[in-house]
Amino acid sequence: MTLNSEWRDRVDAWTKELPHHFYRPIQMVEWEGFTTTEQLSLTEAASHRRSPMPEGTAWGAKWEYGWFFSTIALPMAAASERIELNVEVGPESIIYVDGVSVGARDREHSTITLSFQGIPGTTYEIAAECYAGHGVRICSVGPVPNDRETVPEPPAEQAIVGHSTIGIWEEELYQLWMDVMTLYNLRDQLDPESLRVNDIDAGLKDFTLMVELEEGLDELKRTAAEARVHLVPLLEAVNGSTAPLLYVFGHAHIDVAWLWHWAETERKAVRTFSTQLTLAEEYPEYKFLQSQPHLYWMVKNHYPELYGRVKDAVETGMFMAEGGMWVEADTNISSGEALIRQFLYGKRFFKEELDTESELLWLPDVFGYSGAMPQIMRGCGVKYFSTQKIFWAYHGGQTFPYNTFVWEGIDGSEVLVHLHNDYNSRTAPVDLADRWRERVQKDGIRARLVPFGYGDGGGGATREHLEYLRREADLEGLPRTRMANPIEYFKELEAELGGWPDERYVGELYFQAHRGTYTSQAATKKGNRKSELALREAEIWGTAAQVLANSTFSQDTIDEAWRIVLLNQFHDILPGSSIHQVYVEAEAEYDRALGLANDVTQNAMDALTEDGEGLVVFNSTSWSRNAIVHLPEGWTGAREVQGNLVPVQATKDGLYAFCQVPACGWNTLLPVKEGCPADKTCMATTSTLENDLLRLEFDEYGQIISIYDKELESDWAAGECNAFRMYKDVPTKFDAWDIDSMYVDTPVELDGLAEFEVIESGGIRAVLRITRKLHNSLMSQDVVITRGSRRVDFQTRIDWQERHRLLKVNFPVSVHSNEALHQIQFGYLARPSHKSNPFDGDRFEVCNHHWTALVEANRGAAVLNDCKYGVNVLDNSINLTLLKAAIAPDMTADLGEQTFTYAFYAWPGSFYESGLVAEGYKLNVPVRTMPGQAAEGALFDTGACNIVVEAVKLAADGSGDVIVRLYEALRNATSTTLTTSLPVARAYDADMLENVQGEFTVDGGTIALDFKPFEIKTLRLSF
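Here goes a summary of the coordinates provided. These numbers come from a predicted model, not from an experiment.

A few points about the sheet that holds strand β24 (residues 625–630)
Consideration 1: Here three strands make up an open sheet; going across it, the order is β24-β27-β26 and the pairing antiparallel. With partners counted over all chains shown, the strands left at the sheet margins are β24 and β26 (648–651), one partner each. When the angles between neighbouring strand axes are averaged without regard to direction, this sheet yields 25°.
Consideration 2: Strand direction decides the pairing type here: β26 and strand β27 (residues 654–661), joined by four bridges, are antiparallel. Within the sheet, the bridge partner assigned to V648 lies in β27 and is A657.

Set out below in structure tokens:
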């Protein structure tokens, strides 16, 4: 190796000194401006009253923006020079020149080019909008605030107006530096004994001998030009025929919210889009991927001039609108129907606005990938997928075995996947070499995807990225590079292989970190679940009212509510990893979405109901059900519209009736003069609850010590059930994101005794209230059992006052199984309930939706929930995670009242006959009531207990057709007949984007259907 330490020090000194000569200030920029919390257009800001804001001015409170204005004229020194503008007014600014957004001043982008050939006297109107910022932290290991103390986020540091200038950019010196840095960086990736390194080292030595750093600018520029010529042969050396290929493209991962809120995200999008468009003017080969339609939509609504330029760039292929979903959504917690809507709204925007057909799902930063995703993707016309997060298992664990492979979902659907390694990549030789070395798949892979550019907070590529790539297209010693759309990688791979690769991975792509995201920010997760289901109700009943009662509703209202839900499913909002302000806004938006959806539902049910004294009970689930409803004041009893008296029970809150409601339908209760009290089958004491099927016994802590099954004459409890367990929860990496495995080694003693109160005891329901202190938090719980039901509900309220604590509730049961079944979107997953190998042990916390169950051949038990997602099953104990107490990045996360319901359910008989799927829906989707009368009716009957009507909606194209989405829920191939009361003329088989694929025969309101295990079907009905 010829570049010894002395020579290396010399090269280091020269390369460190050169950048000090790139920019020469020639004129100061003086500002006037103002601060505001409003989001203003440039026109609005330009007309605002301003004050001088000289260098050194301190400005800005949290969440505040500063607007700065200046008019500059180029001096004589600017003649024929490249002129740059250096803005120093605060942390991140969007820069406007003569009314056009031209780029950002941020951590990675320091100057804006005003002119490539300066003309003295040319004037420019400069404006900058700058964000003052706010305080935040991510990791929180260290002193913890008092458990009862409410701690505000730290204050923002005030921004300071710095020294802004215009200056001359010495391009020749910059280009020399890029030449040298490319070679210097390259030589360290190569065999030090190679001839290539010997030649590069000689060139680097010559560079330091030729370039005069101390003889004045003219001599420096002259010698720099000579040195560049001398280095040309080294930069023109090319690879042989076996060099791998990297498909490179610019990218700027923009978190729709994270350590900033939505209003700042809009500015980040503007800064990033403007910067990348300006880069492309100088580097016409540049291609930039932006995946999220929501960001385009925001720019369209608030920055139409910029959006017009973006649309032009999409048309030329410079801006690549690929990504599939409305936002880069969490796929663990979002419901199956919401994931379909992510594609429906996302792909529709791309097609209608940008004339692109997205074929790629791009989710670089999502925290695990549901096993339902391949079927959803294929149903939405997406067959390619890429991420990098799966490799980011920083606490160890099993390394994922592939980079390029076929991913098979729970139903057998397949997509083609390539896993890259970073979404904040640089493009220096070491970075390209690392991207190739980092591949885990050594055989059968000849190419990789390499996105480059700064992200999380946006920004994207810099000139440095692109200058490196210009030198590295086929530079000897590195992988070859091609600026390309990522779709080209997949298409060319398919062509090379004549199909897809043999490597295959089946099931979920479990991420071995960020397990706390199943639980953090409980109110937001509840808002998501309730909003998803409220929209389900609105669409089902709104559609029924339009078809059957000629009552229309605004699709714009539904679209608005769905966009709220889809936005908040972004992977740093719904998982609970953002700052406090994000959740203030998210929960307010959920309230708005619920209001919009509930208004549609109420109006629809009103249209389906006639005037008269009665109470119509609506059930949107796919199963007939027994329902307990509150009767109107003054009623003494009730009968069904068919004439049958229904059991009633008087409580302190009024009279309740026990009635049956058809699947996807309604029933009407009418008042009677005398009630029909039910037999007293549901009884409560201060230590027991029982109905006709179960008898529960409680200990002094409120734990259940016996769940005796009267029919089986056996006990479901194998230990204390409904047992609260609290642990210290101090993740060492990312507080809100993680649960570290050693939490089980730090239990927190919960020794407070419970108080008991009998609330109801009667014919149709018994309720026992349990009140108990859990460390610093007060818990009140109504345990509810109803007649004829094996489900026990735990309606829970907790005043949560914990810091760095994790709360679980455990149900050890007398069921033995080596696997637990966890409901996910459109089906379920079997996961081990043991730690026999490392990957089993690493799944110590997983995600479920409605339920988790332990199942034997002819019986089983489950824990259900109405808004909880984290769970673990170890041996025979199902342990639902209820609350987490992170303090970063939101120092007040989850403090205060939390309400939720979970349930225990057990059954004799096979899993197919268990009714578990139905119970999960019934817990989550209560019946609704409307005063008035209606004949008993049903919209749909699936004819099979395992076929679920997941959604009924009007077609998105405004045709008036009705979309019905169904799925098989129990992994059992099924032939059945769908019966409908809607006046269907024709029924079509459609994809999930509602495009017709085929036609079914309609025979008197019935449609024969064949389902494969876990298959999703979308029907399009015409009238």
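Points about the packing of aromatic side chains
Consideration 1: Per the counting criterion, the structure on display carries 52 aromatic pairs.
Consideration 2: Considering the side-chain rings of W623 and Y921, the 5.5 Å spacing of their centres and the 45° angle between planes classify their relative orientation as tilted. Of the two residues, W623 is situated in the loop between β23 (610–619) and β24 and Y921 in helix α18 (residues 916–924); the sequence distance between them amounts to 298 residues.
Consideration 3: You can call Y921 buried: its relative accessible area is 3%.
Consideration 4: Here F811 and Y902 contribute two aromatic rings whose centre-to-centre distance is 6.2 Å and whose plane-to-plane angle is 75°, an arrangement assigned as edge-to-face. Linking F811 in strand β40 (residues 805–812) with Y902 in strand β48 (residues 896–908), this pair joins segments that are 91 residues apart in sequence. The same class applies to F811 and to Y902, which are both buried.
Consideration 5: Pairwise contacts between aromatic rings join F273, Y286, F288, Y296, F319, F350 and F452 into one cluster.
Consideration 6: One Lys or Arg, K268, reaches over the ring of W260 and ends 4.2 Å from the middle of that ring.

Regarding the packing of helix α3 (residues 171–187) against helix α4 (residues 195–210)
Consideration 1: It is the contact of α3 with α4, at a shortest axis distance of 10 Å, that shows an interaxial angle of 145°. Here α3 and α4 pass one another in a crossing that is left-handed. Where α3 abuts α4, its residues L176, V180, L183, Y184, L186 and R187 lie against R196, V197, I200, D201, L204 and F207.
Consideration 2: Among the residues making up the contact of α3 with α4, the classes are represented as nine nonpolar, no polar and three charged.

Examining the pairing of strand β44 (residues 851–856)
Consideration 1: In terms of burial, β44 is largely enclosed, as five of its six residues are buried.
Consideration 2: With three bridges connecting them, strand β41 (residues 819–824) and β44 associate as antiparallel partners. Its bridge partner lying in β44, H822 is registered against T852.
Consideration 3: By the bridge criterion, six bridges tie β44 to strand β45 (residues 859–865) in an arrangement that is antiparallel. Note that in β45 the partner of A853 across the bridge is A862.
Consideration 4: Where β44 hands over to β45, the hairpin turn is made up of two residues, counted between the paired strands.

Some points on the pairing of strand β28 (residues 665–671)
Consideration 1: Burial runs high along β28: six of the seven residues are buried.
Consideration 2: Two strands pair when backbone bridges link them, and β23 and β28 are joined in this way by five bridges, in the antiparallel orientation. Paired with V616 across the bridge in β28 is T668.
Consideration 3: Note: β28 against strand β50 (residues 937–938), two bridges, orientation antiparallel. Bridging from a neighbouring strand, W666 pairs with G937 of β50.

Brief notes about the sheet that holds strand β9 (residues 112–115)
Consideration 1: The strand order across the open sheet built from four strands is β1-β12-β6-β9, with neighbouring strands paired in antiparallel fashion. Two strands in the sheet have a free side with no partner beyond their single neighbour: β1 (23–28) and β9. Direction aside, the axes of adjacent strands within the sheet are offset by 35° on average.
Consideration 2: Two strands pair when backbone bridges link them, and strand β6 (residues 82–86) and β9 are joined in this way by three bridges, in the antiparallel orientation. In the strand pairing of β9, L85 is matched with I112.

Let's talk about the nonpolar core
Consideration 1: With 231 residues, the main nonpolar core has Y286, Y296, F319, W541 and F940 as its most contacted residues.
Consideration 2: The element contributing the most residues to this core is helix α16 (residues 580–607), with 10 residues.
Consideration 3: The residues contacting W541, other than those within four sequence positions of it, are T601, A604, M605, L608, F618, N619, S620, C664, G665, W666 and L939.
Consideration 4: Membership of the second largest hydrophobic core comes to 35 residues, among which are Y23, Y184, L231 and A428.

Conventions and cut-offs
Residues numbered from 1 in each chain as written. Predicted model: local features only at pLDDT ≥ 70, side-chain atom pairs only at ≥ 80, totals over all residues. Heavy atoms only, no water. Pairing = 2+ DSSP bridges. Helix = DSSP H or I, 4+ residues; strand = E, 2+ residues; numbered from the N terminus. Axes fitted to C-alpha atoms, helices over the stretch in contact; angles between N-to-C directions. Phe/Tyr/Trp six-rings, centres within 6.5 Å; stacked < 30°, edge-to-face > 60°. Buried < 20%, exposed > 50% of the residue type's maximum accessible area, 1.4 Å probe, protein only. Lys NZ or Arg CZ within 6 Å of the ring centre and 35° of its normal. Left-handed = near helix turned anticlockwise from the far one by under 90°. Contact = heavy atoms within 4.5 Å. Nonpolar A, V, L, I, M, F, W, Y, C, P; charged D, E, K, R; others polar. Core = buried A, V, L, I, M, F, W, Y, C linked by side-chain atoms within 4.5 Å.

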